[in-house]
Amino acid sequence: MLLPVEPADVRRVDLIRVEGDREWEQWTTVPGPVLESATSADATALVKLVADLPDAGMMRCYHPVYALRAHGEEGVLFEIAFCFRCHNALGFAGGAQTTLDGFDPESPAGQELRRRFRAADPTAAERPPAS
């Protein structure tokens, strides 16, 4: 997946559970609580997982459960909200939606990214594994 910055530019990554208004067309940022924050090598590894996501066909549901917010030295660099059911990832930068990309959630990078989100989410056991 194409990222708007190099992984080395990221200083912190927040893993987010998407909540609130599901009218994603209106979002300027991803709504929801931060589940976990990663810094240093762990933040870089998370961004590299996203960069390693292969492209895939997109479907239509788009009900994202998880998102990633990447911070640099000057603030938020980008956000991406993932729907692991329809394979869509909605990107944000500078308070505006920037991209809607398809990704393969069954790829090794997709499976590891989903595992990281679910490990950080205390409510993950309440949801089916596909979310």
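Residues numbered from 1 in each chain as written. Predicted model: local features only at pLDDT ≥ 70, side-chain atom pairs only at ≥ 80, totals over all residues. Heavy atoms only, no water.

S.K.: I'm lost on the sheet that holds strand β1 (residues 12-17) in this one. Help?
M.R.: Within a sheet, each strand pairs with its neighbour through backbone hydrogen bonds, oriented either parallel or antiparallel. Spatially, 6 strands are ordered β2-β1-β3-β4-β5-β6 in an open sheet, and the strand pairing comes out antiparallel. Unpaired on one side and paired on the other, β2 (34-39) and β6 (96-102) mark the two borders of the sheet. Along the sheet, successive strands turn relative to each other by an average axial angle of 20°, direction set aside. Direction of pairing for strand β5 (residues 88-93) relative to β6: antiparallel, over a ladder of 6 bridges. Considered in β6, the bridge of Asn88 is made with Gly102. Strand contacts of helix α1 (residues 40-51): β1, β2, β3 (66-72) and β4 (75-83), with the helix running at about 110° to β2, the strand carrying the most contacts. (Pairing = 2+ DSSP bridges. Helix = DSSP H or I, 4+ residues; strand = E, 2+ residues; numbered from the N terminus. Axes fitted to C-alpha atoms, helices over the stretch in contact; angles between N-to-C directions. Contact = heavy atoms within 4.5 Å.)

S.K.: I'm lost on the pairing of β1 in this one. Help?
M.R.: Residues in a regular strand project their side chains so that they alternate between the two faces of the sheet. Counting buried residues along β1, 5 of its 6 residues qualify, which places the element largely inside the surrounding structure. Pairing between β1 and β2: 5 bridges, direction antiparallel. Looking at the pairing, Leu15 lines up with Glu36 of β2. Judged from the 6 bridges that link them, β1 and β3 form a sheet pairing that is antiparallel. When the sheet's bridge partners are listed, Asp14 is paired in β3 with Arg69. (Buried < 20%, exposed > 50% of the residue type's maximum accessible area, 1.4 Å probe, protein only.)

S.K.: Before we go on, may I ask you to explain the packing of α1 against helix α2 (residues 108-120) in this structure?
M.R.: How two helices pack is summed up by the angle between their axes together with the distance between the axes. It is at 9 Å that the axes of α1 and α2 come closest, and there the two elements cross at 135°. Overall, the two elements α1 and α2 adopt an arrangement that is oblique. At the point where α1 passes α2, the crossing takes the left-handed sense. Across the interface between the two elements, Asp42, Leu46, Leu49 and Val50 of α1 pack against Ala109, Glu112, Leu113 and Arg116 of α2. Looking at the contact of α1 with α2 residue by residue, the classes come out as 5 nonpolar, no polar and 3 charged. (Parallel < 35°, antiparallel > 145°, perpendicular 65-115°, else oblique. Left-handed = near helix turned anticlockwise from the far one by under 90°. Nonpolar A, V, L, I, M, F, W, Y, C, P; charged D, E, K, R; others polar.)

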